[in-house]
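Topology and contacts: notes
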Amino acid sequence: MKQALIGIGSGLAAGSVALGFLFLGPLSQTDEGPAPIASQTTVPEATVSASPVEIEPEPTTPEVTQCSVSVLEDAAEILLLQAQVIDASTGEVLFDRGSGSAARPASVMKLFTAAVALETLGPDYRVTTRVYRDNLEPGKIYLVGAGDPTLSRTGVNENSVYQKAPKLSDLVAQVLKVFGKEPITQIVLDTSLYGGAKGEYQSVWDSRGITNGYMSPVSALQVDGDRASPAAKESQRSMDPVSRAGAWFQESLGVAATDAVITKGLAPADSIQIATVKSRPISEWIDYMLVVSDNTLAEALARLVSLDVGLDGTFGSLTEAYNRALRGTGLNLAGLTIEDGSGLSKYNQASPELVNKLLKLIDAGYGDFEVILGGMPVSGTPGSLSYRFEDAVGTITAKTGWIRTGYTLAGFLDTPDQSRLIFTVYNLGDVTASNREAMDDLVMGFYDCGSTLVNR
């Protein structure tokens, strides 16, 4: 929504309201008018001073310009609003609407998922996928899932959505080198790392995640995030990514495994490792997860964090896992509920105030959190903000969020008055695109007001 700043002064207030935000103008003490003129009397010439008497000017109160977004806030498409805006340089809260109440953050949750992964695993952590050979049955091998959904079936010099991802073909080359001409008779798929023989799909997740291709079931073993088309960000998934991974692995093995039987089970402790591939560093996962809001990567990171802090990698472990992971940050995590790592669940709970406290740490460069800032979408650039905020290209950096019951947005505004604002806003209810547009208009109001934004 294109905004034009309105000049300061009461005479233009009506025009300001029409454009959705209002400059309230200078605030100063009341001007009581000139002092009364004293009556004139004849003064003897001898008493007249040769120099004029200097009169000290009366002190004045500095003018403070204030800017309101009340018209934008009152739009019909703003449903249940929760928001907080902070001046990054001073820490002053400029705008607040129920920011202390925990609510569903949608994909803004991925900021927390990135933070816990960096705090526990570190930016250079890589996931290793392994193949083992049975110690007693020569033709039997085990493909063991390690939590890397980026493992790809793409060919040489081809990329999936995950650039430079590890490939099945590299695993296969190592396996065939060991087997030579010996046939592979059985392929066992081991997904025991955090359970789910087929993969787990939360009952509250929208089933369109599978058909529309923006979410796969959670499993320790999957290939290309279970996408039907590896190079398409949104590509239809299945309800059994483990079986599909096994089928694509067998296909990659070629004639050596033509007659192999695929089952699901556990690799014995005495099995022999014969092949490995490593993922890209998780800093690259985080970058992609944030810029396009990749749900599958978010869930993989959440499970790896749970395991790293000594829990079991299940959905039910995540609230405790995130609390353990963020213990050293000083954040007060009371009220934080983690139902999933992606933010798809409507039962996730995080207040805008808590999100802003995390954003303060990100802005300050805490730990490895510069990785998060580097991955957040930027207005007018490729990613989930590419088509939004066309009047503020390159100056709004924010994580987007959407589920059927809310739109959310959280990040940083580098405003025309050279201020930097930290903001989180939730527009909650049964939402459509018009509710997102109204939320974006409100954020543009924050942007246009800058440091003169007032809480009214």
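Residues numbered from 1 in each chain as written. Predicted model: local features only at pLDDT ≥ 70, side-chain atom pairs only at ≥ 80, totals over all residues. Heavy atoms only, no water.

1. Let's talk about the layout of surface pockets
What counts, and what does not: In the cavity and pocket records, a cavity denotes points on a 1 Å grid over the protein atoms alone where a 1.4 Å probe fits but cannot get out, a pocket denotes an open set with protein on both sides within 12 Å along at least 5 of 7 lines, and lining residues are residues with an atom within 4 Å of a point. Grid points are joined across faces, edges and corners, and a volume is the space filled by probe spheres set on the points. Runs of H or I in DSSP of at least four residues are treated as helices and runs of E of at least two as strands, each being numbered from the N terminus. Side-chain classes are defined by residue name, with Ala, Val, Leu, Ile, Met, Phe, Trp, Tyr, Cys and Pro counting as nonpolar, Asp, Glu, Lys and Arg as charged, and the others, Gly among them, as polar.
One number sums up the size of the largest pocket: a volume of about 570 Å³. What lines the largest pocket is a set of 22 residues, and nearest its centre among them are K233, E234, V292, S293 and W402. Of all the elements in the fold, those that place two or more residues in the lining of the largest pocket are α8 (295–308) and β10 (396–403). Here the lining of the largest pocket takes three residues from β10, the largest share from any one element. Taken together, the residues that form the lining of the largest pocket break down as six nonpolar, nine polar and seven charged.

2. Brief notes about the confidence of the model for the chain
How we decide: Residue-level confidence of the predictor is what pLDDT reports, using numbers from 0 through 100. Contact between two residues is taken to exist if any of their heavy atoms lie within 4.5 Å; hydrogens are not considered.
On average, residues of the chain score 90 in pLDDT, and 86% of them are at 70 or above. Across residues 1–19, confidence stays below pLDDT 50; counting only partners more than four residues off in sequence or on other chains, it has 35 contacts. Every residue in residues 25–50 scores below 50 in pLDDT, and together they form 17 contacts with partners more than four places removed in sequence or on other chains.

3. Focus on the pattern of salt bridges
Keep this limit in mind: Only one rule defines a salt bridge in this text: a Lys or Arg side-chain nitrogen within 4 Å of an Asp or Glu carboxyl oxygen. Between buried and exposed lies partly exposed: a residue is buried under 20% and exposed over 50% of the maximum accessible area for its type, with that area taken using a 1.4 Å probe on protein chains only.
If you walk through the whole model with that rule in mind, you get 17 salt bridges. A salt bridge links D224 to R153; its shortest N-O distance comes to 2.9 Å. Taken as a pair, D224 in the loop between α5 (208–211) and α6 (241–253) and R153 in the loop between β6 (140–144) and α4 (168–179) lie far apart in primary sequence, 71 residues in all. The exposure class assigned to R153 is partly exposed, which follows from its relative accessible area of 23%. The residue R324 makes a salt bridge to E320 at a minimum N-O spacing of 2.9 Å.

4. Details of the sheet that holds strand β7 (residues 186–190)
Under the convention used in this document: At least two bridges found by DSSP between two strands is the condition for calling them paired. To get an axis, a line is fitted to the C-alpha atoms, and for a helix only the part in contact is used. The angle between two axes follows their N-to-C directions and goes from 0 to 180 degrees.
Spatially, the five strands line up as an open sheet ordered β8-β7-β6-β5-β9, and their pairing is mixed. Both edges of this open sheet fall to β8 (261–264) and β9 (272–278), since each of them pairs with a single strand only. Averaged over all adjacent pairs, the angle separating strand axes in this sheet is 20°, with direction ignored. Pairing of β6 with β7, which is carried by five bridges, proceeds in the parallel orientation. Paired with L143 across the two strands is L189, which belongs to β7.

5. A look at the side chain of S419
Defined as follows: Whenever a nitrogen or oxygen atom comes within 3.5 Å of another N or O atom, the pair is scored as a polar contact, on the condition that within protein one atom can donate a hydrogen and the other can accept it, and that pairs from neighbouring residues in sequence are kept only if both atoms are in side chains.
Counting through the fold element by element, S419 comes out in the loop between β11 (406–414) and β12 (420–428). For S419, the side chain forms a polar contact with the side chain of S451, separated by 3.4 Å. For S419, the residues in contact, after removing those within four places along its chain, are L413, D414 and S451.

6. Quick look at the packing of aromatic side chains
Here is the rule we go by: Stacked, tilted and edge-to-face pairs are distinguished by plane angle, under 30 degrees for stacked and over 60 for edge-to-face with tilted covering the rest, among Phe, Tyr and Trp rings (Trp via its six-membered ring) whose centres lie within 6.5 Å. In this scheme, Lys NZ or Arg CZ marks a charge over a ring once it lies within 6 Å of the ring centre and within 35 degrees of the ring normal.
Scanning the model with the defined rule gives five aromatic pairs in all. Here Y201 and W205 contribute two aromatic rings whose centre-to-centre distance is 5.0 Å and whose plane-to-plane angle is 85°, an arrangement assigned as edge-to-face. For R97, the ring lying beneath its charged end belongs to F95, and the centroid distance is 4.2 Å. Here R153 stacks its cationic end above the ring of W248, 3.7 Å away from the centre of that ring.

7. Considerations on the sheet that holds β10
Here five strands make up an open sheet; going across it, the order is β4-β3-β12-β11-β10 and the pairing antiparallel. Strand pairing shows two members of the sheet lacking a second neighbour, β4 (93–97) and β10, which therefore form its edges. Shown here is a sheet whose adjacent strand axes are inclined to one another by a mean of 5°, direction ignored. Direction of pairing for strand β3 (residues 80–87) relative to β12: antiparallel, over a ladder of eight bridges. Bridge pairing in β12 links I86 to I422.

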